[in-house]
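Read off the chains here:
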Amino acid sequence: SVSLLYKSKKLVPSTSKPAEATPAPSQSLNNRIGLIKGDITLLAVDAIVNAANNSLLGGGGVDGAIHRAAGRNLYLECRKLDGCDTGSAKITNAYELPCKKVIHAVGPIYNDRDVEKSEEDLAGCYTTSLQLAVENDCKTIAFSALSTGVYGYPSDDAAPVAIQAVKEFLEGEDGEKLEKVIFCTFTAKDVDAYNDWLPKFFPAT
Ligand code: AR6
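Below you will find a few notes about this structure.

In this section: the nonpolar core. With 38 residues, the main nonpolar core has Y126, F143 and F183 as its most contacted residues. Looking at this core element by element, the count peaks at nine residues for helix 5 (residues 155-171). Residues contacting Y126, with those up to four places away along its chain left out, are F143, S144, A145, L146, A162, A165, V166, F183 and Y194. Membership of the second largest hydrophobic core comes to 16 residues, among which are L43, I48, I66 and A94.

Here the focus is the packing of helix 2 (residues 61-70) against helix 3 (residues 72-79). Between helix 2 and helix 3, whose axes approach to 6 Å, the crossing angle comes to 115°. On the basis of their axis angle, the class for helix 2 and helix 3 is roughly perpendicular. Here I66, H67 and A70 of helix 2 come into contact with helix 3, specifically with L74, Y75 and C78. The residue inventory of the contact of helix 2 with helix 3, partitioned by class, reads five nonpolar, one polar and no charged.

Turning our eyes to something else, we now look at the state of the cysteines. Each disulfide consists of one covalent bond between the sulfur atoms belonging to two cysteines. If you walk through the whole model with that rule in mind, you get zero disulfides. Its sulfur unpaired, C84 is 7.6 Å from the next cysteine sulfur, which belongs to C125. Sulfur of C138: no disulfide; nearest cysteine sulfur belongs to C99 and is 8.9 Å away.

This brings us to the environment of C125. Here C125 is to be found in helix 4 (residues 115-135). C-alpha of C125 to C-alpha of L146: the two residues are 21 residues apart in sequence and 8.3 Å apart in space. The contact partners of C125, leaving out residues within four places of it in the chain, are G87, S88, A105, V106, G107 and L146.

So, on to the site of the ligand. Every one of the 21 residues lining the ligand counts as a neighbour, but N53, G60, D63, T148 and G149 are closest to it. In the model, an oxygen atom of the ligand is placed 2.7 Å from a nitrogen or oxygen of the G60 main chain. The separation between an oxygen atom of the ligand and a polar side-chain atom of D63 is 2.7 Å. Its free accessible area being 710 Å², the ligand has 90% of it covered by the protein chains. For the shell around the ligand, the element with the most residues is helix 2, which contributes four residues. Grouping the constituent residues of the shell around the ligand by class yields eight nonpolar, ten polar and three charged.

To describe a pair of aromatic rings, one takes the distance between the centres and the angle between the planes. Summed over the entire model, instances satisfying the criterion amount to five aromatic pairs. On the numbers, 4.6 Å between centres and 50° between planes, the contact of Y110 with Y153 is tilted. Of this pair, Y110 sits in the loop between strand 5 (101-106) and helix 4 while Y153 sits in the loop between strand 6 (140-144) and helix 5; the two residues are 43 residues apart in sequence, bridging distant segments of the chain. With a centroid separation of 4.6 Å and an interplanar angle of 35°, the aromatic rings of Y126 and F143 are classed as tilted. On the criterion of sequence distance, the pair formed by Y126 in helix 4 and F143 in strand 6 is long-range, its members being 17 residues apart. Joined through ring pairs, the aromatic side chains of Y126, F143, F183 and Y194 make up one cluster. The positively charged end of K167 is found above the aromatic ring belonging to F202, 5.9 Å away from the centroid. The cationic tip of K200 hangs over the ring face of W197; the distance from NZ or CZ to the ring centre is 4.9 Å.

Criteria and cut-off values
Residues numbered from 1 in each chain as written. Predicted model: local features only at pLDDT ≥ 70, side-chain atom pairs only at ≥ 80, totals over all residues. Heavy atoms only, no water. Core = buried A, V, L, I, M, F, W, Y, C linked by side-chain atoms within 4.5 Å. Buried < 20%, exposed > 50% of the residue type's maximum accessible area, 1.4 Å probe, protein only. Helix = DSSP H or I, 4+ residues; strand = E, 2+ residues; numbered from the N terminus. Contact = heavy atoms within 4.5 Å. Axes fitted to C-alpha atoms, helices over the stretch in contact; angles between N-to-C directions. Parallel < 35°, antiparallel > 145°, perpendicular 65-115°, else oblique. Nonpolar A, V, L, I, M, F, W, Y, C, P; charged D, E, K, R; others polar. Disulfide = S-S within 2.5 Å. Near = heavy atom within 4 Å. Polar contact = N/O pair within 3.5 Å; in protein donor to acceptor, adjacent residues only side chain to side chain. Areas by Shrake-Rupley, 256 points an atom, 1.4 Å probe, with all protein chains shown as cover. Phe/Tyr/Trp six-rings, centres within 6.5 Å; stacked < 30°, edge-to-face > 60°. Lys NZ or Arg CZ within 6 Å of the ring centre and 35° of its normal.

Don't take any of this as a statement about function, it's just geometry.
Spelled out as structure tokens, the structure:
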């Protein structure tokens, strides 16, 4: 099952303002961020973001789960993509998954001697994925916690990089084209990290 963990307190506009008033950007942003815990392969959003590797040919963790649930046609499409650079992403169809598209992002293998490069590559995954979503008319997108499994990125360091990149995108030129960005966590350490960091970037005023 998939449980909803984070929901902005401000779901409806304050009655103290006229109904036609445009909500402040920071206020409307809150309603467009979600946190859940569960299996990303079950989500019927427009796009889910896979934690892939440079080959894009599958692997363990969430990548394995996505390929198993999507079926062999996903593998066959991925074979045509010629891999993907670290810090970037490519998009495919979703086949037997309930979502419409799969975005395969290649997070960095965490390097504690070059944290800046790890941060840059991780942020690049989120920004590229959001851009691909917009270009493909995907309005709802769910991210797995990229790099925080096999690739060793500490959850408490990865979460603020992910949240900051998403916030910047939502505030940017194409941000309004996205209705909902969901962080899909799977383990307690990631749930804890997002519960700590989300209110700092998206305060529920
Ligand atoms: N739904 C959502 N999240 C999941 C699921 C799931 N079904 N299964 C695991 N996670 P990882 P990485 C979480 O290791 O660190 C693969 O072999 C997991 O708890 O899947 O980016 C690839 O092919 C963790 O928080 O990806 C690459 O070679 C998060 O997904 C390599 O691992 C990411 O963990 C990528 O490593």
